[in-house]
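# Summary of structural features
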Amino acid sequence: MADSLSHAGTSPSVADLLAARPNLKMDGVSGLLMDGVSLSTIAGKVGTPCWVLSANTLRTRMQRLSAAMQQIGSEVSIHYAVKANDHLAVLSLLRQEGAGADIVSGGELTRALKAGIKASDIVFSGVGKTDAELEAALGAGVGQINVESKEELEILSALARKNGKTATITLRVNPDVDARTHAKITTGLAANKFGIAFEEAQALYAHALTLPGLAPVGFSTHIGSQITSAAPYRAAYARMATLIQSARSAGLDVSVMDCGGGLGISYCTETEGQPEALAGAIKAELGHLNLKLAIEPGRWLAGPAGILLSTVILRKEHASGVPFCIIDAAMNDLARPSMYDAWHGIIPLSAHEAAGPVAPAHVVGPVCESGDTFTRDRDLPSLQRGSRVAILDAGAYGAVMSSTYNTRPLAAEVMIDNGTWHIIRERQETEELWRHEIVPSALT
Ligand SMILES: *Cc1c(COP(=O)(O)O)cnc(C)c1O
């Protein structure tokens, strides 16, 4: 499997990694640059660990995605999946580029509105929305709620009636196709908790049309994440087209199809998911059905826009001959390697180090878990105490998944835009970690 920690012998070289990432360049003097800005300078001024985001990358990827969707010839709205990277600066930038938001919680609703995204451009997804979250969405006038079960349909109908609102909804259908991705990020199989079984969808849609407080407009689907080929999309959309035609034949109005997210990126040697191929799959299967279409991309937009900077605390030699490079970033910062066995490129910031000979090394964080491992047995340029590295493609499901495990404050975040850089989140102060803790008086 491509998304795996251990790639002994097959790792792309520093040169390969750089060649595939237009926002990164190695300068002989300044070292690794992102959009022309020295990452060593940022690491020196802000400290490490530190996330760095390229505004230009977010912008150009959003523009490419929009252009690809225009080829379909029907209206296609893009709802950015906020969970991938929910920073207000990211949401604001993507809003400027025409994106709405796909949210999965009341917190994300508040964030998206705070970033200036109009409620009507927000889609609310998720398998377990609380009553309070649904009422907040109804109150704000969220554009669409993707309902994931019969139970949720009844709850939402009752809440809408109680609040004197009408909820525009789709039914999220589980098309039972295998996205051929990691088990923890596949969502479109019948065995997953997500969505309504394909076989039950039409009857439930007919039922929804009879419920007060609801305005059912169509269907949605989302089959998983890190999908790098068009085939699973085509299979899912072909199933959805059958459902839409069948519902229409039964006299049910269907005007909307929300095609979900999941487009993958190239972390290691995978071929990046192509927006044009996704658009092709949508057009081929759904383009002739006169639908209002939508997509919900997250990772594809944000992943390649971000890196995590870290410093080698020490290099621990080992009897096996393979050293442990212990860095100051850990699983609490970037959880993907420990959580999904994810592979992330690691590049020294120093041009001299990056050009040196490679040898197998383990790169690990300082957290007290064996799972706190970024890579094992990877051929890497020699890293010494004080060496700085960039961990690549960390813009999606990176900072958002951070925890403060081991009382490690959340890392700082920087955004590079137009040749200058800005701190967009201060490094958390240790005192903030216990600000809400209350020690019973008998213990003080
Ligand atoms: C997570 C999610 C997305 C985005 O997935 P990516 O793989 O980041 O594109 C879109 N829609 C729904 C319903 C999701 O849960």
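Rules used in this analysis
- Residues numbered from 1 in each chain as written.
- Predicted model: local features only at pLDDT ≥ 70, side-chain atom pairs only at ≥ 80, totals over all residues.
- Heavy atoms only, no water.
- Core = buried A, V, L, I, M, F, W, Y, C linked by side-chain atoms within 4.5 Å.
- Buried < 20%, exposed > 50% of the residue type's maximum accessible area, 1.4 Å probe, protein only.
- Helix = DSSP H or I, 4+ residues; strand = E, 2+ residues; numbered from the N terminus.
- Phe/Tyr/Trp six-rings, centres within 6.5 Å; stacked < 30°, edge-to-face > 60°.
- Lys NZ or Arg CZ within 6 Å of the ring centre and 35° of its normal.
- Pairing = 2+ DSSP bridges.
- UniProt positions renumbered as here; feature names shortened; annotations may be inferred.
- Contact = heavy atoms within 4.5 Å.
- Axes fitted to C-alpha atoms, helices over the stretch in contact; angles between N-to-C directions.
- Left-handed = near helix turned anticlockwise from the far one by under 90°.
- Nonpolar A, V, L, I, M, F, W, Y, C, P; charged D, E, K, R; others polar.
- Near = heavy atom within 4 Å.
- Polar contact = N/O pair within 3.5 Å; in protein donor to acceptor, adjacent residues only side chain to side chain.

A word on the nonpolar core. For soluble globular proteins, nonpolar side chains are generally found buried alongside one another. Ranked by size, the top nonpolar core spans 85 residues in total, and within it M69, Y80, I145, I169, F219, I282 and L286 carry the most contacts. Top element by residues in this core is helix α9 (residues 231–249). It accounts for eight residues.

Looking now at the packing of aromatic side chains. According to the stated counting rule, one finds two aromatic pairs in the structure shown. Note on Y233 and Y237: the rings are 5.8 Å apart at their centroids and 25° apart in plane angle, and the pair reads as stacked. On the criterion of helical spacing, the pair formed by Y233 and Y237 is a turn pair, its members being four residues apart in helix α9. Residue Y233 shares its accessibility class with Y237, and that shared class is buried. Sitting over the ring of F124, K129 keeps its end group 5.7 Å from the ring centre. Over the aromatic face of F198 sits the side chain of R239, whose NZ or CZ is 3.9 Å from the ring centroid.

Spatially, β1-β2-β3 is the arrangement adopted by the three strands of the open sheet, whose pairing is antiparallel. Lying at the two open borders of the sheet, with one neighbouring strand each, are β1 (24–27) and β3 (37–38). Taken together, the four bridges between β1 and strand β2 (residues 31–34) define a ladder with antiparallel strand orientation. Bridge pairing in β2 places L24 opposite M34.

Within the UniProt annotation, "binding site: substrate" (unreviewed entry) is assigned to R299, R336, Y340, E369 and Y397. Annotated residues spanning 99 residues; largest pairwise C-alpha distance 26.8 Å, indicating distribution over more than one region. Among the secondary structure elements, R336 is positioned in helix α12 (residues 336–340). Relative to the helices and strands, E369 resides in the loop between β17 (358–364) and β18 (373–381). Once you skip the residues sitting within four places of it in the chain, E369 turns out to touch M331 and Y405.

Where helix α3 (residues 55–70) contacts helix α4 (residues 88–96), the two axes come as close as 10 Å, and the packing angle between them is 35°. Of the two elements, α3 crosses α4, and the hand of that crossing is right-handed. Of α4, the residues touching α3 (which contributes A55, L58, R59 and M62) are V90, L93 and L94. The residue inventory of the contact of α3 with α4, partitioned by class, reads six nonpolar, no polar and one charged.

With that settled, consider the site of the ligand. By nearness alone, 14 residues border the ligand, and K83, S225, G262, E296 and Y397 come closest of all. Take G262: an N or O atom from its main chain is 2.8 Å from an oxygen atom of the ligand. The residue inventory of the shell around the ligand, partitioned by class, reads three nonpolar, six polar and five charged.

Another point: the environment of T430. Tracing the backbone shows T430 in the segment after β21 (420–425). Owing to a relative accessible area of 32%, T430 belongs among the partly exposed residues under this scheme. Look past the residues within four positions of T430 in its chain and what remains in contact with it is T407 and P409.

The next thing to look at is unusual backbone geometry. Note that the residue after T48, namely P49, is joined by a cis bond; omega there is -5°. Note that P49 resides in the loop between α2 (39–46) and β4 (50–54). Within the chain, D393 stands out as a residue other than glycine whose phi angle is a positive 55°. Structurally, D393 can be placed in the loop between β19 (388–391) and β20 (412–417). Residues other than glycine seldom take positive phi values, yet T407 does so here, at roughly 45°.

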